[in-house]
Amino acid sequence: MPMTEDMSTTASGDPGPSGAPGDPSALFDTLQHQVAVFARRAEQTRLGGVGAVRNSMDRAAYLLLNHLDNEGPMGVKALAASMGIDSSTVTRQVAPLVDGGLVSRTSHPEDGRAVVLQLSALGRNRLEEVRAGRRELLKELTGGWSDSDQAAFCRLLTRFNEEIVARQNRLAQSGAPGTGPAES
């Protein structure tokens, strides 16, 4: 299947054959389709980077390592809460990272009985390799875009992700079924 077969908008972003410009229904049909295509393409490539060495990393591993790098060492429960996932998911996802030497388990400085997860030197180096590869890939993919288009895409994608989290929080607070911590 050709890569362009999933594209249902023109280069200007106007809806393609699926609807007339200005039709809100067609806009949201195109948007939901493009989000699905983006999710599949991102998973296919794992935003793995460029060059001879592909700096790919599982999504869950990347998010956990990135979170520990940004927020510092923390326990499983705190990590799960701050990422919006449950503790059992964090425990399951962090096990191979510990086994691979990317994350270390240490005693909590104030309570020696508690365990704290922290990014190891190997984990920090691997995370930076992946980040560098992903930065290069994104530079390649958006290289023909203007600086303002790149900034707008970043701003809008960030806003979109924030809206998803806000919706999940609203649903969880309302007690809606199936709205507990996500497994990502």
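Analysis parameters
Residues numbered from 1 in each chain as written. Predicted model: local features only at pLDDT ≥ 70, side-chain atom pairs only at ≥ 80, totals over all residues. Heavy atoms only, no water. Patch = residues over 30% accessible without salt bridge, like charges linked within 9 Å, V, L, I, M, F, W, Y side chains within 5 Å. Areas by Shrake-Rupley, 256 points an atom, 1.4 Å probe, with all protein chains shown as cover. Salt bridge = Lys/Arg side-chain N within 4 Å of Asp/Glu carboxyl O. Helix = DSSP H or I, 4+ residues; strand = E, 2+ residues; numbered from the N terminus. Buried < 20%, exposed > 50% of the residue type's maximum accessible area, 1.4 Å probe, protein only. Phe/Tyr/Trp six-rings, centres within 6.5 Å; stacked < 30°, edge-to-face > 60°. Lys NZ or Arg CZ within 6 Å of the ring centre and 35° of its normal. pLDDT = per-residue confidence, 0-100. Contact = heavy atoms within 4.5 Å. Expected span 1.5 Å × (residues − 1). Arc of directions from axis to C-beta.

Under an unreviewed UniProt entry, the chain has the name MarR family transcriptional regulator and belongs to Streptomyces koyangensis.

Concerning a nonpolar patch on the surface
Nonpolar side chains collect at one region of the surface, where Leu27, Phe28, Leu31, Val35, Phe160 and Ile164 lie side by side and expose about 520 Å² of accessible area between them. Of all the secondary-structure elements, those providing two or more residues to the nonpolar patch are α1 (24-45) and α6 (147-174). Element by element, the count of residues in the nonpolar patch is highest for α1, at four residues. Topologically, leucine 31 is positioned in helix α1. A relative accessible area of 41% means that leucine 31 is categorised as partly exposed.

Quick notes on the pattern of salt bridges
Tallying each qualifying case throughout the model produces six salt bridges. A salt bridge links glutamate 129 to arginine 126, with the nearest nitrogen and oxygen atoms 3.3 Å apart. Of the two residues, glutamate 129 and arginine 126 both sit in helix α5 (residues 121-141), three residues apart, roughly one turn of that helix. Judged by its relative accessible area of 22%, arginine 126 falls in the partly exposed class. A salt bridge links glutamate 128 to arginine 131; the nearest nitrogen and oxygen atoms lie 4.0 Å apart. Note that glutamate 128 and arginine 131 are positioned in helix α5 at a spacing of three residues, about one turn of the helix. Overall, the relative accessible area of 17% leaves arginine 131 in the buried class. Linked through salt bridges whose partners overlap, the residues forming this network are Asp69, Arg124, Glu128, Arg131 and Arg135.

A few points about the packing of aromatic side chains
The final tally for this structure, using the stated rule, is one aromatic pair. Seen from their ring centres, tryptophan 145 and phenylalanine 153 are 5.4 Å apart, and the 85° between their planes marks the pair as edge-to-face. Lying across the ring of tyrosine 62, arginine 134 places its NZ or CZ 4.0 Å from the centre.

With respect to the confidence of the model for the chain
Overall, the prediction assigns the chain a mean pLDDT of 83, with 79% of residues at 70 or greater. Contacts for the low-pLDDT stretch residues 1-17, under 50 throughout, to residues beyond four places or in other chains number 23 contacts.

So, the environment of alanine 114
One can find alanine 114 in the loop between β1 (103-107) and β2 (115-119). In this structure, the C-alpha to C-alpha distance between alanine 114 and valine 76, residues 38 residues apart in sequence, is 9.8 Å.

Let's talk about α5
For α5, with 21 residues, the first-to-last C-alpha span of 30 Å sits near the 30 Å given by 1.5 Å per residue. Those residues of α5 lying buried are Gly123, Leu127, Val130, Arg131, Gly133, Arg134 and Leu137. Across the axial projection of α5, the buried residues extend over an arc of 165°, all falling on one side. Exposed and oriented more than 90 degrees from the buried face of α5 are Ala121, Lys139 and Glu140.

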